[in-house]
Each structure stands twice: as C-alpha cells, then as structure tokens.
Amino acid sequence: MSRGRRRLVHALIVAVLGGNFVCLIFHGQVWPYSPYPMFADARDRHLRTLQTLVLVGEAIDGSEFWFEGQGYLSDVVSPMVISEVFSAARARGRETVERRLRETYDFYERRRSEGRSEGLPLRRLALYRFSWRLQPDLSNVRTPARALLAAYPTGDRDHP
Amino acid sequence: VTIVARWNRFWFRPGRAEDLAIGRIVFGAGLFVLAVQRPLYQWGGVPRAYRLPADWFGFFGVPIASEPLLYVLQWAWGAAILALTIGFFTRTAAALVCLGSLYLLGMDTPEFLGRSYTPAVFVSAILACSRCGDALSIDAWRRRARAHPEEYGWPATLICAFLAYTFFAAGVSKIWLTGFPDWMVSDMSYRTLLYGNYWYASRGKAPLPVGAAILRVNESFAAVIGILTQMTELLYPLALFARSARLTLVPLMLALLVGIAVAMGPFFGLTMLAHVFWVPWTSVLRPRQSEELVDRGVGAQREDGDRRRLPDAAQRVPAGFAPTTDA
C-alpha cells in the first residue's frame, strides 16, 4: 500500500472515530456524529407516568382519530415529531400553537383533497396532552387521561 | 514490537476481496430497501415547522429542496446504492451514497430520532475510500485489476471499530447521565420497554409488545437484562482484539438489538446490517477452499494469474470469526 493510501486511511480513521469521540466527550450531537445516548437517562426512576402531545382529528361524521402513523401528514412525520413540534410551539406561546394547528389543518385538508391521504374530512383539529399511568399489561394504552390544549377552527381550550 | 508496528498490524492486516465484497453487497442491499421504503422526499412538502433537520442545515444555510426535486434526488440516491451493491463504478457510487445519505437522512430528524441511520454515512464513506469493487462486481468483470490483499482488511476493521464505538458510547452515555452502576441496577430496562410499548404499541410499531410484562414476571430479571445490556455495550470493543469476545459479545449485542425491535419497536436495521463486516465470509462459506488458498499462499480472489502471496505473519490465523481476514 502506498504512503498516500495509508495517509488517506488514517484521515478516514480520524474522521470516523475521532469525530465521534469528540461528540462523546462533549456529549453533543452533530449529524452524523453522536454519543448514542439512547435510553441513558434513568434519573427520573420513580416516574410512573408518560405524557405526550397528540393531534386528534374530529371528523365531520362525529368520529375521532389520533394522528399516529397513518400518513395523514406525510409518511415521514411521526407522532414523536408532532409532540416535539407542539412542545416547542407551546414554549413560544398560544399564538404559535394556534398558527401551527392552522398550518397543520390546511396541510391535512390539502393532502386529502389531492388524494394523497385517506383521512376523513375534518370538523376540528385538536391538540391534547395525553397522560398514561404506566401499566405492565398495557390495559390503558387507548384510554389515556386527556387534557385539551387547543383546537382549530373552533378554538376550544382548557389549558392555554 | 513498536507501537507503530502494532498499529499497522491492527489496521492493515491483509484480507480477502470477497469478504469485503460480500459485506458491500449485503449492506448495500439493506440500504437500498431503506431508500425504497422511506419516502424522504416528502420532507420537501411538509410545513416548515415540522422539519427538524440536522443543525448544520441551518448553520451552513443548506436548503431543504422542493418535493419534486427531492423525489429526483432520492431516486438518484437509490440508483447509486444499487450501483454500489452490484459494483458498478463502485467507489464513485459509494461516494454518492455517502453524500446522499448525509443530505437526505440529514433531513430526517437525525439529531432527534435518526441515530440508527449513521452507518449509512460512515460505511459508505469507508467503502468509497476502499477497493471494495475488486471482487463480485461488474467493475471486477470489466477490468482485470490485480489483487491488493493489504487493501481488503482495513475497511472491515474500521467499520467494526465504528460499531464498537457506537455501543461503547451508548454504555458510557448511561454512566455519564445516570451514574455507575446506577443505570444497570435501576429498573430502567423495564421502564424503557414499558415506555416503548406505550409510545409505539399504541401506534402499532412493536410486533410483540410483551417485553415489559415478561420482565415483570420476576423483579430481578429486569436488573439482569440491564446489567447484560450495559456490560455488553461497554465490553463490545474487546471484540476488535479477542476472538472469544467476537464469538460472544457480537451475537449477544445482535440478539439485544433484535429484542429491542421485537418487544419495543425501534429497529436499528443499518447497525445490525453493518455487522456483516465482522464475518470472514470465505472461511465460513468455503472453509476447505479457503484453507487451500492459504496453504498455497494465495491471497486474492482473482483468477487472472496475478495472485500475490500474503505476508508470512498473516498466513496462519485459524479460520473463524475474525474481523478482517482468515488468512
């Protein structure tokens, strides 16, 4: 192997492993480098509840559905992303939450009218906080405690 | 033996072109499935607030293209992955796969959800700098390139070192955030499974969301799983140096990843696929022929009369589960 090739390999070792170790030392993530902190934080060991923000569609026919993995907002937007986006919006204030809901409602209806999703026509799009008391048998998975945070277009809310 | 000699012997052990090629084919095929299944181009159409790309998109002003343009880019990325898999302009294809992965997967909430995609970038970058197209490829069929045994070992070694970092970092992060041995003796494994079941089972992602219930059968079982998980993560780098560690820790970690996917939902598919580079395929698939090749001092895969002898030091490692070569 030539000296130039060896230098290239060493540069690659530094780029792949060195960059990752820097992320580990400073405990930060810079895609594609990561300290891989999955499930690492166990400090809240006595926590027995799980909370998340969930979009709930209320259809014109009176039925209700949660935005899960059905692809109503595209196949790449996951429930975790929805929760993250609205958590950030709530930190910015009520107007931001309402603007996000309006954008989401319009986007949903546009995709539906274009035939890109099979969602039902919406009467209202609501943002709820779901809370589960964790049960090993998962018996309450579909029956969380719910608090309405905001809605569009009617604008009902319990906790702004 | 000097440190430099040890270093060179670790990284630049001779290998077999076929072992590297099989790794390329298997990893490329898996990545191609991801490229076909995940409609990343849809990020171009979602409201701006939902886009959570890598931080450097904003820092460097890298735009998220429109949906039609992303559609074309994703197809081009898929074509490059296919070219890498079949070995057609292999190194160029690998470089394009690396850049495509960096951009397209960089849009896909990587710092929030997408850590499992990092092998797409790093493995393709390593393959782009290697001679991974010297065997089992269209390039090898078109050109009669001579063999370079010293070029076929280091890519697999570096990929395995990257995997070792991945798990070691996960183990260290647990110490960093929770303390040692606090994480492993806490009931974190039980609660993590339970969280996963609530988060994913309600969305139908875990094929068999019974992990938490099984752990609850016996209180100490959850702690055993926690100890097993963190110890496997922390000790995984030993697999780079010891055959016994390779034979135990690597399959154990794969089993844990399968368990997480089945019982909880998150699927670390590319990380699991990258394990293909641990296996000396020529020894596993054709042990007798491999032994004969070593006996004859033949280091390469080509039948073109340009076979090269392996260095003496590399000749007599027993065939088995080695990261780079059986030679």
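First, a word on scope: everything that follows refers to the structure included in this document. Just so it is clear, the model here is predicted, and its values are computed rather than measured.

### Details of the overall build of chain A
- Secondary structure summary: chain A contains three helices and four strands in total.
- The helix and strand sequence of chain A, counted from the amino end, reads α-β-β-α-α-β-β.
- Scaling as 2.2 N^0.38, a compact globule of 160 residues should have a C-alpha radius of gyration of about 15 Å, whereas chain A reaches 22 Å, well beyond that.
- Principal axes of the C-alpha set define a box for chain A whose edges measure 70 × 45 × 35 Å.
- Nonlocal contacts in chain A, meaning residues at least 24 apart in sequence, comprise 56% of its contacts between residues at least 6 apart.
- Approximately 8000 Å² of chain A is accessible, and the part contributed by carbon and sulfur atoms is 51%.

### Remarks on the packing of helix α1 (residues 3–26) of chain A against helix α6 (residues 118–128) of chain B
- One can describe the packing of α1(A) onto α6(B) by two numbers: an axis separation of 10 Å at closest approach and a directional angle of 165°. With respect to α6(B), the axis of α1(A) lies roughly antiparallel. Considering how the two elements wind past one another, α1(A) and α6(B) form a crossing that is left-handed. Seen from α1(A), the contacting residues are Leu12(A), Val16(A) and Asn20(A); seen from α6(B), they are Phe122(B), Ala125(B) and Ile126(B).
- Among the residues making up the contact of α1(A) with α6(B), the classes are represented as five nonpolar, one polar and no charged.

### Here's the deal with the sheet that holds strand β3 (residues 122–133) of chain A
Residue and element names in this part refer to chain A.
- An order of β2-β1-β3-β4 is seen for the four strands of this open sheet, with the pairing classed as antiparallel. Looking at strand neighbours, the two that pair on one side only are β2 (64–66) and β4 (145–152), the edges of this open sheet. Averaged over all neighbouring strand pairs, the angle between strand axes comes to 30°, with direction disregarded.
- In this structure, β3 lies alongside β4, joined through seven bridges in antiparallel fashion.

### Quick look at the interface of chain B and chain A
- The partner chain A presents 68 residues to the 78 residues of chain B that form the contact.
- Counting the surface lost from both chain B and chain A, the interface buries some 6800 Å², and carbon and sulfur atoms represent 69% of this.
- Our count for the contact surface shared by chain B and chain A stands at two salt bridges.
- A salt bridge links Arg116(A) to Glu67(B); the nearest nitrogen and oxygen atoms lie 2.5 Å apart.
- Listed by contribution, the elements that provide at least two residues to the side of chain B that touches chain A are α1 (3–11), α5 (90–107), α6, α8 (154–178), α9 (182–185), α10 (188–201) and α11 (211–217) of chain B.
- Of the residues forming the side of chain B that touches chain A, the biggest block, 14 residues, is contributed by α8(B).

### Here we look at the pattern of salt bridges
- Going through the model one piece at a time under the given rule, you end up with twelve salt bridges over all chains.
- Between Arg112(A) and Glu109(A) there is a salt bridge, with the nearest N and O atoms lying 2.8 Å from each other. Placement of both Arg112(A) and Glu109(A) in helix α3 (residues 94–113) is noted, with a separation of three residues, approximately one turn of the helix.
- According to the relative accessible area criterion, Arg112(A) is partly exposed, its value standing at 25%.
- For Glu109(A), a relative accessible area of 16% translates into the label buried.
- Arg142(B) is the salt-bridge partner of Asp139(B), the closest N and O atoms lying 3.2 Å from each other. Placement of both Asp139(B) and Arg142(B) in helix α7 (residues 138–142) is noted, with a separation of three residues, approximately one turn of the helix.
- Classification of Asp139(B) as buried rests on a relative accessible area of 6%.
- Among the residues examined, Arg142(B) registers a relative accessible area of 40% and is labelled partly exposed.
- Residues joined by salt bridges that share partners form a network here, namely Glu58(A), Arg123(A) and Arg124(A).

Definitions and limits used
Residues numbered from 1 in each chain as written. Chains lettered and ligands numbered in written order. Predicted model: local features only at pLDDT ≥ 70, side-chain atom pairs only at ≥ 80, totals over all residues. Heavy atoms only, no water. Helix = DSSP H or I, 4+ residues; strand = E, 2+ residues; numbered from the N terminus. Rg over C-alpha atoms; globule rule 2.2 N^0.38 Å. Contact = heavy atoms within 4.5 Å. Areas by Shrake-Rupley, 256 points an atom, 1.4 Å probe, with all protein chains shown as cover. Axes fitted to C-alpha atoms, helices over the stretch in contact; angles between N-to-C directions. Parallel < 35°, antiparallel > 145°, perpendicular 65-115°, else oblique. Left-handed = near helix turned anticlockwise from the far one by under 90°. Nonpolar A, V, L, I, M, F, W, Y, C, P; charged D, E, K, R; others polar. Pairing = 2+ DSSP bridges. Buried area = accessible area lost by both parts, 1.4 Å probe. Salt bridge = Lys/Arg side-chain N within 4 Å of Asp/Glu carboxyl O. Buried < 20%, exposed > 50% of the residue type's maximum accessible area, 1.4 Å probe, protein only.

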